[in-house]
Amino acid sequence: MAEAPLHLARRLRAGETVICAWSSLPDTGFVAMLAGQGFDAVNLDMQHGGHTEQSVWDGIAAIVGLGKPVMVRVPVGRFDMAARALDFGADAVIAPMINSPADARAFAAAMKYPPVGERSWGPTRGITLRGISGGNAYLASANADTLSFAMIETRGALDALDDILATRGIDAVFVGPADFSIAWTGGERLDPKLDAMMEAIAHIAACAKAHGKLAGIFAADPAMTQRYVAMGYGLVAAGFDAALVRAGADAVLAAARGD
Ligand code: 3PY
Ligand code: MG
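Keep in mind that this is a model prediction, so the values were computed, not measured.

Chemist: Help me out: how do you make sense of the coordination of the magnesium ion (ligand 2) in this one?
Modeler: Perfect tetrahedral coordination of a metal by four donors corresponds to 109.5 degrees between them, and perfect octahedral coordination by six donors corresponds to 90 or 180 degrees. Distances from the magnesium ion (ligand 2) to its protein donors, Glu 153 (OE) and Asp 179 (OD), fall within 2.1 to 2.2 Å. On the criterion of sequence distance, the pair formed by Glu 153 in the loop between β5 (147–152) and α8 (155–159) and Asp 179 in helix α10 (residues 177–184) is long-range, its members being 26 residues apart. In this structure Glu 153 comes out as buried when scored by relative accessible area, which is 2%. Note on Asp 179: relative accessible area 25%, which makes it partly exposed.

Okay, here's the thing in structure tokens:
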């Protein structure tokens, strides 16, 4: 396999906008099809999507083989899986519900080799997939080249934002507007586009920038993408696979029925 370096971190730090597909269907053929579209990167979702350790193992290989960066969202608190995703060759991990500095420290510890954290050695699969020349080459750059995204999606996380961003080994925040809207309205409404929370969402990106860190967000409506980019979000997940299938089916059926 040709060399497929970890390049998501470099691209985001250079100020590139990365539009990411969001894979919830744990089928490697479908993951490869998604990666073969025009998206800049693909995320495999283990929190709410169907991805398992096996489908992440297979999916990372498929995406890396197509030359795209790959991210993995792990389930809540599964920092062991975060490190495994990096071992399997992921460019980045998104950890949901990072609500306190203690959560951020535990996530960073799993993601970063000493002296930053306590990541345990064993990235054989990632090194092989990416054609990296050896263990020391990976060790020398892994802490900088792989990204830890702490999800900000509760009021607690917003209150602790500065401390989360100040945590060594946390490279970025990632906003979950669905959960954020539920928190914002005290459990009354799910509305990822809620106008009343847009100022807070802009504030999160500005805070990340002030700390010299990166910001990403999930766009439930892809039409929100440029608004988020203008706020300072470099990574926007705008291609949810289930929504892509639905939108494609609607368009095909409308054309077929002459609607
Ligand atoms: C949210 O919007 O809460 C998310 O976690 C996006 O998947
Ligand atoms: Mg969420």
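Chemist: Help me out: how do you make sense of the sheet that holds strand β6 (residues 172–175) in this one?
Modeler: Strand pairing in a sheet is mediated by backbone hydrogen bonds. Such pairs are either parallel or antiparallel. Strand order in this closed barrel of 8 strands is β1-β2-β3-β4-β5-β6-β7-β8, and the pairing throughout is parallel. Put simply, the sheet's adjacent strands are angled 25° from each other on average, direction ignored. Bridging between strand β2 (residues 41–45) and strand β3 (residues 70–73) involves 4 bridges; their strand directions are parallel. By the bridge assignment for β3, Leu 44 is matched with Val 72.

Chemist: What is the right way to look at the pattern of salt bridges in this model?
Modeler: It is possible for side chains bearing opposite charge to pair when their charged atoms get close. All told, the structure shown has 11 salt bridges when counted by the stated rule. A salt bridge links Arg 130 to Asp 91; the shortest N-O distance between them is 2.7 Å. In this pair, Arg 130 is assigned in helix α6 (residues 124–130) and Asp 91 in the loop between α4 (79–87) and β4 (92–95), connecting sequence segments 39 residues apart. Taken as a pair, Arg 130 and Asp 91 share a single burial class, namely buried. One salt bridge in this structure joins Asp 171 and Lys 112, with 2.8 Å as the shortest N-O distance. Of the two residues, Asp 171 sits in the loop between α9 (161–166) and β6 while Lys 112 sits in the loop between α5 (101–111) and α6, which places them 59 residues apart along the sequence. Judged by relative accessible area, which is 14%, Asp 171 ranks as buried. Taking relative accessible area as the criterion, Lys 112 reaches 2% and is therefore assigned buried.

Chemist: How do you make sense of the pairing of β3 when you look at a structure like this?
Modeler: The side chains of a regular strand alternate, residue by residue, between the two faces of the sheet. Here β3 shows a buried face lined by Val 70 and Val 72 and a second buried face lined by Met 71 and Arg 73. Once the chain exits β2 it traverses helix α3 (residues 53–65) before rejoining the sheet at β3, and the crossover so formed is right-handed. Pairing between β3 and β4: 3 bridges, direction parallel. Bridging across to β4, Val 72 finds its partner in Val 93.

Chemist: What is the right way to read the layout of surface pockets from this model?
Modeler: Over the atoms rolls a probe the size of a water molecule, and in doing so it shows where empty space is left. In this structure, the largest pocket encloses a volume near 430 Å³. Considering the residues around the largest pocket, the lining is formed by 27 residues, among which Trp 22, Ala 178, Phe 218, Ala 220 and Phe 240 are closest to the centre. Looking at the lining of the largest pocket, the elements with two or more residues in it are α10, β8 (235–240) and α13 (241–257). Considering each element in turn, the lining of the largest pocket owes the most residues, 4 residues, to α10. Roughly 230 Å³ of internal volume is contained in the second largest pocket. What lines the second largest pocket is a set of 17 residues, and nearest its centre among them are Leu 214, Ala 215, Gly 232, Tyr 233 and Gly 234. Going through the elements one at a time, α11 (198–210) and β7 (214–218) are the ones with two or more residues in the lining of the second largest pocket. A total of 3 residues in the lining of the second largest pocket trace back to one element, the largest contributor, which is α11.

Scoring rules and cut-offs
Position numbers for residues count from 1 along each chain, tracking the sequence in the order it is written. Numbering of ligands from 1 and lettering of chains from A proceed in the order in which they are written. Totals for whole chains, interfaces and linings use every residue, but because this is a predicted model, local features are given only for residues with pLDDT of at least 70 and side-chain atom pairs only at 80 or more, for both listing and counting. Hydrogens and waters are ignored; side-chain quantities use all the structure's heavy atoms. For Na, K and Ca the donor cut-off is 3.2 Å; for every other metal, N, O and S atoms count as donors within 2.8 Å. Water does not enter the count, which can leave sites looking incomplete. Each helix is a run of H or I in the DSSP string that is no shorter than four residues. Each strand is a run of E no shorter than two, and both are numbered from the N terminus. Only protein chains enter the accessibility calculation, which uses a 1.4 Å probe; a residue whose area is less than 20% of its type maximum is buried, one above 50% is exposed, and one in between is partly exposed. The pairing criterion is simple: DSSP has to find at least two bridges between the two strands. A fitted line through C-alpha atoms represents every axis, and for helices the fit uses only the stretch in contact; the resulting angles, taken between N-to-C directions, go from 0 to 180 degrees. The term salt bridge refers to a pairing of a side-chain nitrogen on Lys or Arg with a carboxyl oxygen on Asp or Glu at a separation within 4 Å. Note on handedness: a crossover is taken as right-handed if, strands pointing away from the viewer, the path from the first strand over the helix to the second is clockwise. Computed over the protein atoms alone on a 1 Å grid, cavities are sets of points where a 1.4 Å probe fits but cannot get out and pockets are open sets with protein on both sides within 12 Å along at least five of seven lines; a residue lines them when it has an atom within 4 Å of a point. Grid points are joined across faces, edges and corners, and a volume is the space filled by probe spheres set on the points.

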